[in-house]
Amino acid sequence: MKESFYTISAGIFLCLIFSCSSIPTEAPEWIYNKETVYPSFSYISGLGDGETKEIAKNNAVAEISRYLQTSVDSVIRTELNTEKSEEGYRSSQKISRNVTVSSKTTLSGLSYTQSYFNKSEKRWYCLAYISREKAWNLYQPEIEQSKMSFYAFYNKIPKDNLIKAYQWYQKVQDAADDFLEKLVFASVIDSDKERVFYISDRLKISELASEKVLVKDKISVFIEVRNDDSDLIQAELTKILSDLNFQVKNSKNLAKYIASANLDFKEQETVDDGDLIFNESPVFSLAIYDSSDSFYRYVATIEKKIISFSQKDARKKAVKAICEIIKKELKEDFTVKMAD
């Protein structure tokens, strides 16, 4: 019985020793100077503390997240200062608003030191870390996915239709912005690798704005409208097509496209109690074409007939009614059809 007691006591004693030895009794070096243990050129790390082990660990992760976001902001500010073109500047501004650090995608693969408890402070300490090499390897598949998406859109830019090509550039730019966000974050993980692997892609993205401008400069149109004595429809079409990035020209010879519009009043005359009445059911049609083909057609009508004792007044009201309809419909109709 005595022997059994000593055996049990010895076992308990050994368990206590083992349990106590799992918690460092002396403060580890990384608490005072993490750079000596996890140098920043090789590691991304964050030191956290708290009343419990879990809080300390979470705060360490939060510290890494703050470091990453601060570094991303710094990179963007640097790039903003080096941007030269207005379009490029706008692109960087957009990215500066949109780039965020997602713990789900950017903090995977973290390792943690053994937690340390400071008795005098009654606080736990923990350090989260990941090697830059490992972080790069984990993140690069996301970069490559965005790169593939970008070039998939870029390679689909229509070659035979400038208008569709110009509109398609917006999809390309959206994919480019996503890709560039990935590259900005990649440069925080390892700027040397990002520069070596993706310098040509950066150049391609920077050329998008000038490519788009070159396409826009070629989208010129001459507008001709029949039965528009007041030129109200002409003015409305000029505004709408300009908003749709057409360069409106005053001569057919200077334009690549012709916008041919016609207003058919569908006029009927009736007599009521000896009075001549004019009934208008106007139909507006528009066709935009180049030397080879008509690629856009649009028709607008009004629901109710326009009635007046004066032909001039009836036609004037018909023109105004058609103007209101094309003002509401034409731009959206064109955009939808060109996106097909």
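Student: Help me understand the overall build of the protein, please; the structure alone is not making it clear to me.
Tutor: Each helix and strand in the protein was counted, giving 11 helices and 12 strands. Across the 340 residues that make up the protein, the buried fraction comes to 38%. Sequence separation of at least 24 residues holds for 67% of the intrachain contacts in the protein that already meet a minimum separation of 6.

Student: What am I meant to see in the sheet that holds strand β9 (residues 275-280) here?
Tutor: Each strand in a sheet pairs with another by means of backbone hydrogen bonds, the pair being arranged parallel or else antiparallel. Across the sheet, which stays open at both edges, the three strands sit in the order β8-β9-β12 with antiparallel pairing between neighbours. Two strands close off the open sheet at either side, each with one partner strand: β8 (268-272) and β12 (306-308). Direction aside, the axes of adjacent strands within the sheet are offset by 25° on average. Pairing of β9 with β12, which is carried by three bridges, proceeds in the antiparallel orientation. Bridge pairing in β12 links Glu280 to Ile306.

Student: What is the right way to read helix α8 (residues 162-189) from this model?
Tutor: Across its 28 residues, α8 extends 40 Å between first and last C-alpha, which sits within 8% of the 40 Å expected from 1.5 Å per residue. The element α8 is largely enclosed, with a buried count of 20 among its 28 residues. With a side-chain oxygen lying 3.0 Å from the backbone nitrogen of Ile163, the N-terminal cap of α8 falls on Asn161.

Student: Help me out: how do you make sense of the sheet that holds strand β10 (residues 283-289) in this one?
Tutor: Read across the open sheet, the five strands follow the order β6-β5-β7-β10-β11; overall the sheet is mixed. Single-partner strands in this sheet number two, and they are β6 (247-249) and β11 (294-301). Going across the sheet, the axis of each strand differs from the next one's by a mean of 25°, ignoring polarity. The pairing of strand β7 (residues 257-264) with β10 spans seven bridges and is classified as antiparallel. Of the residues in β10, the one forming a bridge with Leu263 is Phe284. Here helix α10 (residues 232-243) sits on the sheet in contact with β5 (220-226), β6, β7 and β10, set at roughly 155° to β5.

Student: Would you mind going over the packing of α8 against helix α11 (residues 311-339) with me for this structure?
Tutor: When two helices pack together, their arrangement is captured by the angle between the axes and the distance separating the axes. At a closest axis distance of 10 Å, the pairing of α8 and α11 adopts a crossing angle of 90°. Our classification of the angle between α8 and α11 gives roughly perpendicular. When α8 is examined against α11, the residues Ile163, Lys164 and Gln167 are found in contact with a partner set consisting of Phe334, Thr335, Lys337, Met338 and Ala339. In terms of residue class, the contact of α8 with α11 is built from four nonpolar, two polar and two charged.

Student: What exactly am I supposed to notice about the pattern of salt bridges here?
Tutor: It is possible for side chains of opposite charge to pair when their charged atoms get near one another. One pass over the structure, following the stated rule, counts 18 salt bridges. Salt-bridge contacts for Asp190 lead to Lys193; the nearest nitrogen and oxygen are separated by 3.4 Å. A salt bridge links Lys266 to Asp264; the nearest nitrogen and oxygen atoms lie 3.5 Å apart. Classification of Asp264 as partly exposed rests on a relative accessible area of 31%.

Student: Looking at this structure, I do not really get the packing of aromatic side chains. What am I missing?
Tutor: Here a ring pair, both rings aromatic, is described through the centre-centre distance and the interplanar angle of the planes. All chains considered together, the criterion is met by 18 aromatic pairs. Centroid distance Tyr296 to Phe334: 4.9 Å. Interplanar angle 70°. Geometry classified as edge-to-face. With Tyr296 in strand β11 and Phe334 in helix α11, this residue pair connects regions lying 38 residues apart in the sequence. The residues Tyr296 and Phe334 share a single accessibility class, namely buried.

Student: Would you take a moment to explain the environment of Glu236 for this structure?
Tutor: Here Glu236 is to be found in helix α10. Linking Glu236 and Glu324, residues 88 residues apart in sequence, is a C-alpha distance of 9.2 Å. Aside from chain neighbours lying at most four places away, what touches Glu236 is Cys323, Ile326 and Lys327.

Student: Is there a simple way to think about α11 in this case?
Tutor: Counting along an α-helix, one turn takes 3.6 residues, and residues three or four places apart therefore face a common direction. The terminal C-alpha atoms of α11, which comprises 29 residues, lie 40 Å apart, in line with the 42 Å expected from a rise of 1.5 Å per residue. Looking at α11, one finds that the buried residues are Ala314, Ala318, Val319, Ile322, Cys323, Ile325, Ile326, Leu330, Phe334 and Met338. The backbone nitrogen of Lys312 lies 3.4 Å from a side-chain oxygen of the residue at the head of α11, namely Ser310.

Student: Would you explain unusual backbone geometry in this entry?
Tutor: Note: most residues except glycine have negative phi, and most peptide bonds are trans. In the Ramachandran plot, Asp231 falls in the positive-phi region, its phi being about 65° despite a non-glycine side chain. Tracing the chain through its elements places Asp231 in the loop between β5 and α10. The backbone of Asn245 sits at a positive phi, close to 80°, despite the residue not being glycine.

Student: In this structure, what is going on with the pairing of β7? I would like to understand it.
Tutor: Consecutive side chains of a regular strand alternate in pointing toward one face of the sheet and then the other. Across the eight residues that make up β7, a large majority, six, are buried. Two elements, β5 and β7, share six bridges in a ladder whose sense is parallel. The residue bridging Val221 from the neighbouring strand is Tyr257, located in β7.

How each quantity is defined
Residues numbered from 1 in each chain as written. Predicted model: local features only at pLDDT ≥ 70, side-chain atom pairs only at ≥ 80, totals over all residues. Heavy atoms only, no water. Helix = DSSP H or I, 4+ residues; strand = E, 2+ residues; numbered from the N terminus. Buried < 20%, exposed > 50% of the residue type's maximum accessible area, 1.4 Å probe, protein only. Contact = heavy atoms within 4.5 Å. Pairing = 2+ DSSP bridges. Axes fitted to C-alpha atoms, helices over the stretch in contact; angles between N-to-C directions. Expected span 1.5 Å × (residues − 1). Polar contact = N/O pair within 3.5 Å; in protein donor to acceptor, adjacent residues only side chain to side chain. Parallel < 35°, antiparallel > 145°, perpendicular 65-115°, else oblique. Nonpolar A, V, L, I, M, F, W, Y, C, P; charged D, E, K, R; others polar. Salt bridge = Lys/Arg side-chain N within 4 Å of Asp/Glu carboxyl O. Phe/Tyr/Trp six-rings, centres within 6.5 Å; stacked < 30°, edge-to-face > 60°.

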